[in-house]
Amino acid sequence: MAATFFGEVVRAPCRAGTEDEEEEEEEGKRETAEDREVRRQLARKREVRLFRRQTKTSLEVSLLEKYPCSKFIIAIGNNAVAFLSSFVMNSGVWEEVGCANLWNEWCRTTDTTHLSPAEAFCVFYHLKSSPSVVLCQCSCYVAEDQQYQWLEKVFGSCARKNMQVTILTCRHVTDYKTSESTSSLHSPFLKALKTQNFKELPCCSLLEQPNIVHDLPAAVLSYCQVWRIPAVLYLCYTDVMKLDLITVEAFKPVLSSRSLKGLVKNIPQSTEILKKLMTTNEIQSNIYT
Amino acid sequence: MFVPCGESVPDLAGYTFLMPAVSVGNVGQLAMDLIISTLNMCKIGYFYTDCLVPMVGNNPYATAEENSTELSINAEIYALPSKKLAALQLRSIFIKYKSKPFCEKLLSWVKSSNCAKVIVLSSSHSYHRNDLQLRSTPFRYLLTPCVQKSIQTKITSLNWEEMEKSPCIPEINDSEFCIRIPGGGITKTLYDESCSKEIAMVVLLKFVSEGDNIPDALGLVEYLNEWLQILKPCCDDPTASALRWKMPSSWRLLFGSGLPPALF
């Protein structure tokens, strides 16, 4: 509880997140069969499903069990997705091998067969000339109760040791803790986190304590750390979370990494593609035209 | 599930298993950080679960450049074989409806590992105290029935206060009395589950308010130390006692980044 200057006593949120547990305990005691059914239906609605858009069939096994891979590259968030689209996917032919269908309060995509470019999505591709290279473009938010399911549907329950994972994502610069003020930082800038089995030198400096990462990037990296899969997360701290040319270009040092080196052919062409992507989005977001 | 760091599964038979509850002020977790950091405990495995919100970061107990790059996740287990101590650290909150399944899975694993006893470090909202509690020490303990016989004598010699029962429904006058730990997170669930599964568990908690809870964490580890004697006892001077617990490097910037000079 906290007292305000106006003499009222308000319930302050507890940073240990314990109010939920007390509510859950109370709810558990009062829950009827109807409540349980509603909860079950909600859980079903929030299930993560992987399927092939071309055949409209679900994947019976995990994605990487069906498509064994040696390199798994995932972009999470619109800037990371734009980076892979412009610099990696424009070189070579990429075939779509799966799509994740999920629903939560932030990502309400129900019809994934006809996605418009502005909608959030999670699509998997492999390189036709080298099918063991799998890429995931994930611009939808995967909620905390869906992250473990997403991992199971993609990686499966048995660890895949002969692969290397690269994760690209962005976070707002105000999340970065430093002894200087965040206003004095020159963003965007890149930081890395790697698992114990990742033996290469990352393309930028490592993320210092006490900084941490959450959400899907953390879920993927945790999985790789626990199951001893070499993995690296490249995190771009930026002050512009919407699609932004400077933020996307901040990922460029990653092009020299072993995972991406062989996949990038034409950088000037990529820059042109990126500029076009930006212009398309700018027109869509300008409410005055 | 427990996933070891190395090739073999460590043998925790006869170990004392310390763990925090994610509770008000995160006092249990801060206390665990102090214990793991001071004793330089070594990571032996992960408790990989879908019950906690995922998070990763570099080694929170780093002391030098060389050991700063080891990745840490949300639930890790550390050990100190010389003192037969194992410690679980939890670094994030529970996903909705997953706290009870977590308690069940964890306790089942602890029981199958043949640990001698479990000690839960926790806290409870100080504003929920009754008049008597306001006037007494802020520390409390709870024992499950199967551990009472072996530990009660020692506890009595320490003059510790047992957690009082309070009305189950506070508004009703003749309501039954039960153990309530408001703000204690999974503490009550762990305690109830241990009672029914005959697990030797001791809960140590402190009444706290949210804020800078480092002094509360120091208080709680000293309270634990009165019994377990992890560190040699020293004089009653609180400053001296604070100095002998090593604060981990990850406690930097606990209240955010530096301030912009233009603010002043």
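Details of the structure are given in the entry above.
Not measured: the values here are computed from a predicted model.

**Q** How should I be thinking about the overall build of chain B in this particular structure?
**A** Assigned secondary structure in chain B consists of 7 helices and 12 strands. Its C-alpha atoms give chain B a radius of gyration of 19 Å, near enough to 18 Å, the size a compact globule of 264 residues would have. Taking the principal axes of the C-alpha coordinates as reference, chain B spans close to 60 × 55 × 45 Å. In chain B, buried positions account for 56% of the 264 residues. Long-range pairs, those at least 24 residues apart, make up 73% of the contacts in chain B with a sequence separation of at least 6. Carbon together with sulfur atoms contributes 55% to the accessible area of chain B, which is approximately 11700 Å² in total. Here chain B holds 24 positive side-chain charges and 26 negative ones, and the gap between their average locations is 3 Å.

**Q** I tried to follow the interface of chain B and chain A on my own but got confused; where do I start?
**A** The figure often quoted for interface size is the accessible area lost as the parts come together. Each partner contributes to the interface: chain B provides 53 residues, whereas chain A provides 48 residues. Both faces combined, the contact of chain B with chain A buries some 4100 Å², and carbon together with sulfur accounts for 55% of it. For the chain B face of the interface with chain A, the top three residues by lost area are Tyr-48, Val-56 and Tyr-97 of chain B, together amounting to 16%. Seen at the junction of chain B and chain A, the total is 1 salt bridge. Between Glu-7 of chain B and Arg-228 of chain A there is a salt bridge, with its nearest N and O atoms 2.8 Å apart. Across the chain B-chain A interface, the total number found is 14 residue pairs in polar contact (both at pLDDT 80 or more). Every element with two or more residues in the side of chain B that touches chain A is listed here: strand S1 (2–4) and strand S4 (55–58) of chain B. Take the side of chain B that touches chain A: its biggest share by element is 4 residues, from S4 of chain B. Per-class residue counts for the side of chain B that touches chain A are 26 nonpolar, 20 polar and 7 charged. With 3 bridges connecting them, strand S11 (residues 212–214) of chain A and S4 of chain B associate as antiparallel partners.

**Q** What is the right way to read the pairing of strand S9 (residues 164–172) of chain A from this model?
**A** The side chains of a regular strand alternate between the sheet's two faces. Residue and element names in this part refer to chain A. Counting buried residues in S9 gives 8 out of 9 residues, a clear majority hidden from the surface. Both strand S5 (residues 71–76) and S9 contribute to a ladder of 6 bridges, which runs parallel. Bridge pairing links Phe-72 to Val-165 in S9. When S9 meets strand S12 (residues 231–238), the two strands line up parallel, connected through 8 bridges. Looking across to S12, one finds that Thr-169 is bridged to Leu-235.

**Q** I'm lost on the layout of surface pockets in this one. Help?
**A** One simple way to see leftover space: roll a probe sized like a water molecule over the atoms. Roughly 1000 Å³ of volume is contained in the largest pocket. Considering the residues around the largest pocket, the lining is formed by 37 residues, among which Lys-177 and Ile-212 of chain A together with Asn-26, Arg-91 and Leu-254 of chain B are closest to the centre. Those elements that place two or more of their residues in the lining of the largest pocket are S11 of chain A together with helix H1 (27–38), S4 and strand S7 (85–90) of chain B. If one sorts the elements of the lining of the largest pocket by residue count, S4 of chain B sits on top with 4 residues. Split into classes, the residues belonging to the lining of the largest pocket amount to 15 nonpolar, 14 polar and 8 charged.

**Q** It is not clear to me how the side chain of Ser-257 of chain A should be interpreted in this structure. Could you clarify?
**A** Residues and elements named next belong to chain A. Mapped onto the fold, Ser-257 is located in the loop between helix H7 (245–249) and helix H8 (258–261). You can call Ser-257 buried: its relative accessible area is 5%. A polar contact of 2.8 Å, which involves the side chain of Ser-257, links it to the backbone oxygen of Val-254. Sequence-distant contacts of Ser-257, that is, excluding residues within four places in its chain, are made with Cys-203 and Tyr-234.

**Q** Hey, could you run me through empty space enclosed by the protein in this one?
**A** For the structure shown, the criterion picks out 3 cavities of 30 Å³ or more. When its volume is computed, the largest cavity comes out at roughly 130 Å³. Lining the largest cavity are 15 residues, and of these Tyr-148 of chain A together with Tyr-48, Thr-49, Leu-52 and Pro-54 of chain B lie nearest its centre. Of all the secondary structure elements, the ones that give two or more residues to the lining of the largest cavity are helix H5 (147–155) and helix H6 (215–226) of chain A. In the lining of the largest cavity, the residues fall into 9 nonpolar, 4 polar and 2 charged.

**Q** I keep staring at the packing of helix H2 (residues 99–112) of chain B against helix H5 (residues 187–196) of chain B and nothing clicks. Help me out?
**A** Axes are the key here: two packed helices are described by the angle between their axes and the distance separating the axes. All names here are of chain B. Between H2 and H5, whose axes approach to 10 Å, the crossing angle comes to 45°. In terms of orientation, H2 and H5 fall into the oblique class. Taken as a pair, H2 and H5 cross one another with a handedness that is right-handed. Of the residues in H5, those in contact with Lys-100, Cys-103, Glu-104 and Leu-107 of H2 are Thr-189, Leu-190, Glu-193 and Ser-194. Among the residues making up the contact of H2 with H5, the classes are represented as 3 nonpolar, 2 polar and 3 charged.

**Q** Where do I start with H1 of chain B in this structure?
**A** Since there are 3.6 residues in each turn of an α-helix, residues three or four apart along the chain are aligned in direction. All names here are of chain B. Taking 1.5 Å per residue, 12 residues should reach 16 Å; H1 reaches 16 Å between its end C-alpha atoms and fits that length. Residues Val-27, Gly-28, Gln-29, Leu-30, Ala-31, Met-32, Asp-33, Leu-34, Ile-35, Ile-36, Ser-37 and Thr-38 constitute the buried set of H1. Along its buried surface, H1 packs onto strand S2 (16–20), strand S6 (75–80), S7, strand S8 (117–125), strand S12 (201–208) and helix H6 (214–228). Once H1 ends, the next one or two residues include Asn-40, with phi positive near 50°.

Parameters and conventions
- Residues numbered from 1 in each chain as written.
- Chains lettered and ligands numbered in written order.
- Predicted model: local features only at pLDDT ≥ 70, side-chain atom pairs only at ≥ 80, totals over all residues.
- Heavy atoms only, no water.
- Helix = DSSP H or I, 4+ residues; strand = E, 2+ residues; numbered from the N terminus.
- Rg over C-alpha atoms; globule rule 2.2 N^0.38 Å.
- Buried < 20%, exposed > 50% of the residue type's maximum accessible area, 1.4 Å probe, protein only.
- Contact = heavy atoms within 4.5 Å.
- Areas by Shrake-Rupley, 256 points an atom, 1.4 Å probe, with all protein chains shown as cover.
- Lys, Arg positive; Asp, Glu negative; His and termini not counted.
- Charge placed at Lys NZ, Arg CZ, Asp CG, Glu CD.
- Buried area = accessible area lost by both parts, 1.4 Å probe.
- Salt bridge = Lys/Arg side-chain N within 4 Å of Asp/Glu carboxyl O.
- Polar contact = N/O pair within 3.5 Å; in protein donor to acceptor, adjacent residues only side chain to side chain.
- Nonpolar A, V, L, I, M, F, W, Y, C, P; charged D, E, K, R; others polar.
- Pairing = 2+ DSSP bridges.
- 1 Å grid on protein atoms, 1.4 Å probe; cavity = no way out; pocket = protein on both sides within 12 Å on 5 of 7 lines; lining within 4 Å.
- Points joined across faces, edges and corners; volume = space filled by probe spheres on them.
- Axes fitted to C-alpha atoms, helices over the stretch in contact; angles between N-to-C directions.
- Parallel < 35°, antiparallel > 145°, perpendicular 65-115°, else oblique.
- Left-handed = near helix turned anticlockwise from the far one by under 90°.
- Expected span 1.5 Å × (residues − 1).

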